[in-house]
Amino acid sequence: MSKLNHHISKWLDECEMAMSGIVLATREWKFLLAFLSSFIIFGTLMNILSGSSAGWDLFWAVDFGGKMRLLGQAFLANFGIDRALLDWAITFVITILQSILIGLVVLVWQKKRRQKVLAKAKNLNNMSDAGLVAGLAILGSGCPTCGTTLLAPLLGTVLSSGSFAIAGVISGLINVAAVILALFALKRVGKDAYVMIIAERYEKRHPKNNSEEKK
């Protein structure tokens, strides 16, 4: 039991460190720029896909003015405008988590760029996690509560009348998986961000000690 308590305590400490890393990262302009860019682009894309593949097809079918209107509506949908509460909440949570993850990946990559070998391996791992979260989110996008997801046409080729209901269930499960994966990725990248930011602050406060250690 004591061993289990130790693992739980360690896990909670790591989560706290990751949260501290995220809070510290919000004071970095590179994180904020990457976060806002990801929120706008990824969130807008998710909302365009909220009507399944029909929304994407419509986007390419209309003229330039129509495209701008669709993009504007999709952007406003990030804040719940003209969206059902539950469907908006699912998309919003995934978009926020994905945007934080992208922001942290960019920040950690920038701070590790001098450690070429180690940084390259870790940054590739972080980017693959971010890409997997995005892929799952897009695959599960649509309107799970009404069954109009990207999975419905795919399942419709195999199943018949129940394809839309099943697609909604699978879409919901994929969204849950995307959230869980994002949280685990945030835990790891958030810890990296915390260590890098604290180390950078220490180096700025004690430049003399650092130069002596290098000698």
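This text goes with the structure placed above it.
The shown structure was predicted, so the numbers you read here are calculated from the model rather than taken from an experiment.

Visitor: So what exactly am I meant to see when it comes to the packing of aromatic side chains here?
Guide: Geometrically, a pair of aromatic rings is defined through the distance of the ring centres and the angle of the planes. Using the criterion set out here, one finds six aromatic pairs in the structure. Where Phe 75 meets Phe 79, the ring centres are 5.5 Å apart and the plane angle is 80°; that geometry is what we call edge-to-face. In textbook terms, an aromatic cluster arises when at least three aromatic residues are bridged by ring pairs, as seen for Phe 31, Phe 35, Phe 39, Phe 75, Phe 79, Trp 88 and Phe 92.

Visitor: Where do I start with the pattern of salt bridges in this structure?
Guide: Two side chains with opposite charge may pair up if their charged atoms get near one another. If you walk through the whole model with that rule in mind, you get two salt bridges. Lys 187 is the partner of Glu 14 in a salt bridge, and the nearest nitrogen-oxygen pair spans 2.8 Å. Pair noted here: Glu 14 is in helix α1 (residues 2-25) and Lys 187 is in helix α8 (residues 163-205), with a separation of 173 residues, a long-range link. You can call Glu 14 buried: its relative accessible area is 19%. Using a relative accessible area of 15% as the deciding quantity, one classes Lys 187 as buried. The residue Glu 14 makes a salt bridge to Lys 191 at a minimum N-O spacing of 3.6 Å. Pair noted here: Glu 14 is in helix α1 and Lys 191 is in helix α8, with a separation of 177 residues, a long-range link. Linked through salt bridges whose partners overlap, the residues forming this network are Glu 14, Lys 187 and Lys 191.

Visitor: Help me understand the environment of Thr 95, please; the structure alone is not making it clear to me.
Guide: Inspection of the secondary structure puts Thr 95 in helix α5 (residues 85-111). Spatially, the C-alpha atom of Thr 95 lies 8.1 Å from that of Ser 38, the residues being 57 residues apart in sequence. Apart from residues no more than four positions distant in its own chain, Thr 95 is found in contact with Phe 39, Phe 42, Gly 43 and Met 46.

Visitor: I would appreciate a short explanation of α1 in the present structure.
Guide: Each α-helix winds once per 3.6 residues, and so residues spaced three or four apart point in a common direction. Taking 1.5 Å of rise per residue, 24 residues should cover 34 Å, and α1 covers 34 Å from first to last C-alpha, within 8% of that figure. Glu 14, Ala 18, Gly 21, Ile 22, Leu 24 and Ala 25 are the residues of α1 that are buried.

Conventions we followed
Residue positions are counted from 1 within each chain, in the order its sequence is given. At least 70 in pLDDT is required for a residue's local features to be given in this predicted model, at least 80 for side-chain atom pairs to be given and counted, and no such filter applies to totals for whole chains, interfaces and linings, which use all residues. Only hydrogens and water are set aside when side-chain values are computed; all heavy atoms of the structure are taken into account. Between the rings of Phe, Tyr and Trp (Trp by its six-membered ring), a pair exists once the centres lie within 6.5 Å; its type follows the angle of the planes, with under 30 degrees stacked, over 60 edge-to-face, and the other angles tilted. Any Lys or Arg side-chain nitrogen located within 4 Å of an Asp or Glu carboxyl oxygen qualifies as a salt bridge. Think of it this way: any DSSP run of H or I at least four residues long counts as a helix, any run of E at least two long counts as a strand, and we number them from the N terminus. Summary of the burial criterion: residues with accessible area below 20% of their type's maximum are buried, those above 50% are exposed, and those between are partly exposed, where the area comes from a 1.4 Å probe applied to protein chains only. In what follows, a contact means two residues having at least one pair of non-hydrogen atoms within 4.5 Å. Expected span of a helix: the number of residues minus one, times 1.5 Å.

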